[in-house]
Amino acid sequence: MNSELYDPDKMPLDLREAHAKLDDIVESCYPGYPFASDEARLECLFKLYEKMTASTSHLTAAKK
């Protein structure tokens, strides 16, 4: 069943390893990599989101 491919306990080892490798490649693009914890990863992502939305907030205000 396809749903088992997304269950970490039932996922085939090669697929789990491929996901881990892809996660590592993507995370290496962010400042703060390697992250010490999930909380550190989320903090980085939220800071980047705040920076991104702040830089476009003037565009939203101008449309109103």
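Shown above is the structure to which this text applies.
Please read these numbers as outputs of a predicted model, since none were measured by experiment.

Q: Any chance you could break down unusual backbone geometry for me, citing the residues and the numbers?
A: A cis amide bond, omega -5 degrees, links Tyr33 with the succeeding residue Pro34. Tracing the backbone shows Pro34 in the loop between α1 (13-27) and α2 (38-63).

Q: Describe in detail a nonpolar patch on the surface, supporting the description with residues and values.
A: Taken together, the side chains of Leu22, Val26, Tyr30, Leu42, Leu45, Phe46 and Leu48 make up a nonpolar region of the molecular surface, amounting to roughly 610 Å² of accessible area. The leading source of residues in the nonpolar patch is α2, at four residues. Relative to the assigned elements, Leu48 resides in helix α2.

Q: Give me the lowdown on the pattern of salt bridges, citing residues and values where you can.
A: One pass over the full model with this rule turns up three salt bridges. Glu27 is the salt-bridge partner of Arg41, the closest N and O atoms lying 2.4 Å from each other. Remark: Glu27 occurs in helix α1 and Arg41 occurs in helix α2; sequence separation between them is 14 residues.

Q: Could you give an account of the side chain of Glu27, naming the residues involved and the relevant values?
A: Since its relative accessible area comes to 18%, Glu27 is described here as buried. Of note is the side chain of Glu27, whose polar atom sits 2.4 Å from the side chain of Arg41. Apart from the residues lying within four places of it in its own chain, the contact partners of Glu27 are Tyr33, Phe35 and Arg41.

Thresholds applied
Residues numbered from 1 in each chain as written. Predicted model: local features only at pLDDT ≥ 70, side-chain atom pairs only at ≥ 80, totals over all residues. Heavy atoms only, no water. Helix = DSSP H or I, 4+ residues; strand = E, 2+ residues; numbered from the N terminus. Patch = residues over 30% accessible without salt bridge, like charges linked within 9 Å, V, L, I, M, F, W, Y side chains within 5 Å. Areas by Shrake-Rupley, 256 points an atom, 1.4 Å probe, with all protein chains shown as cover. Salt bridge = Lys/Arg side-chain N within 4 Å of Asp/Glu carboxyl O. Buried < 20%, exposed > 50% of the residue type's maximum accessible area, 1.4 Å probe, protein only. Polar contact = N/O pair within 3.5 Å; in protein donor to acceptor, adjacent residues only side chain to side chain. Contact = heavy atoms within 4.5 Å.

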